[in-house]
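# Close look at the chain arrangement
Residue strings, one per chain:
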Amino acid sequence: MKRSIQKGFTLIELMIVVAIIGILAAVALPAYSDYMKKSKVTEVVLALTAFKNPIQEYATTMNALPTADQLGLATPTAVNSKYVTQIAYVKSGDVVGSTATLTATARAIGTEVDGATLTLVGTLRDTGALAWECGTGATIPNKYLSASCKRT
């Protein structure tokens, strides 16, 4: 008598593979979603940093902070960005210790982030330089912010 050779997988082996794939998907999909939101928040940070150089240049030259009119941000300005609705600028004065605050409002990123804000605050030093701090007063959850913007 000849024995027949088994080919293929048994039903239990296939069920185990499907279960493993299901467990991996349950873990990976939320992590991927958070990763995508974090990468989109990076564009919000980049939209704010575009205004750092003009503010710094003015502060170095004039030893004061520019007005919102001088930056073109007299009113909250709409931005040509997929993930930023608007950017607003507020200065607190022109003496050492005064602050220049840039605030961006996020959109089209996902729940917990849409409509939230990210701030970039520059403090005027006696040398005319600005010390920038990211994330102070931000309403975007900390887990989506880059390392330089996370609040402690």
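Further up the page is the structure itself.
Remember, predicted model here, so these are calculated numbers, not experimental data. Here the residue numbering is sequential within each chain, running from 1 through the sequence in written order. Where local features are concerned, this predicted model is filtered to residues with pLDDT of at least 70; where side-chain atom pairs are given and counted, the filter is 80 or more; whole-chain, interface and lining totals use all residues. Each side-chain value is worked out from all heavy atoms of the structure, with water and hydrogens disregarded.

## Some details on the overall build of the protein
Heads up, the condition is: Strands here mean DSSP runs of E at least two residues long; helices mean DSSP runs of H or I at least four residues long; both are numbered from the N terminus. The reference for a compact globule is 2.2 Å times residues^0.38; the radius of gyration itself is calculated from the C-alpha atoms. Think of it in three bands: residues with accessible area under 20% of the maximum for their type are buried, residues over 50% are exposed, and the middle band is partly exposed, with areas taken using a 1.4 Å probe on protein chains only. Residue burial considers only the protein chains on display, and all accessible areas are found by Shrake-Rupley using a 1.4 Å probe.
Within the protein, the secondary structure is distributed over three helices and five strands. For the protein, the N- to C-terminal ordering of α and β elements is α-α-α-β-β-β-β-β. Computed over the C-alpha atoms, the radius of gyration of the protein is 25 Å, more than 25% above the 15 Å expected from 2.2 N^0.38 for a compact globule of 152 residues. By its C-alpha atoms, the protein is 100 × 30 × 20 Å across when sized along the principal axes. Burial analysis of the protein (152 residues in total) assigns 30% to the buried set. A total of about 9600 Å² of accessible surface is found on the protein, and carbon and sulfur atoms cover 62% of it.

## Topic: the state of the cysteines
What counts here: Cysteine sulfur atoms are paired as a disulfide whenever they come within 2.5 Å of each other.
Taken as a whole, this structure holds one disulfide when the rule is applied. One disulfide bridge connects C134 with C149, the sulfur atoms lying 1.8 Å from each other. On the S-S bond that ties C134 to C149, the torsion sits near 85°, and the link is right-handed. Placement of the pair is C134 in strand 5 (residues 130-134) and C149 in the segment after strand 5, with a sequence separation of 15 residues. The burial state of C134 is the same as that of C149; both residues are buried.

## Let's talk about the pattern of salt bridges
Operational definition: By definition, a salt bridge exists where a carboxyl oxygen of Asp or Glu is found within 4 Å of a side-chain nitrogen of Lys or Arg.
For the coordinates displayed, the defined rule picks out two salt bridges. For the salt bridge of D34 with K143, the shortest nitrogen-to-oxygen distance reads 4.0 Å. Within this pair, whereas D34 is found in helix 1 (residues 11-49), its partner K143 is found in the segment after strand 5, the two being separated by 109 residues in sequence. Across the salt bridge formed by E112 and K143, the nearest N and O atoms sit 4.0 Å from each other. Placement of E112 in the loop between strand 3 (99-106) and strand 4 (117-124) and of K143 in the segment after strand 5 is noted, with a sequence separation of 31 residues between them. Taking relative accessible area as the criterion, E112 reaches 48% and is therefore assigned partly exposed.

## So, helix 1
To keep it simple, the criterion reads: What a helix is expected to span follows from its residue count: subtract one and scale by 1.5 Å. Contact criterion: two residues are considered in contact whenever any of their non-hydrogen atoms come within 4.5 Å of each other.
An ideal rise of 1.5 Å per residue puts 57 Å on 39 residues; helix 1 measures up with 57 Å between its terminal C-alpha atoms. The complete set of buried residues in helix 1 reads K37, V41, V44, V45, A47 and L48. Those residues of helix 1 that are buried lie in contact with helix 2 (52-62), strand 2 (84-91), strand 3 and strand 4.

## Thoughts on the nonpolar core
Applied cut-off: Side-chain atoms within 4.5 Å link the members of a nonpolar core, which is a set of buried Ala, Val, Leu, Ile, Met, Phe, Trp, Tyr and Cys residues.
Grouped together as the largest cluster of nonpolar side chains are 32 residues, with contacts concentrated most on I55, I87, Y89, L102, L118 and I140. The set of elements that each furnish at least two residues to this core consists of helix 1, helix 2, helix 3 (68-71), strand 2, strand 3, strand 4 and strand 5. No other element matches the five residues that helix 1 contributes to this core.

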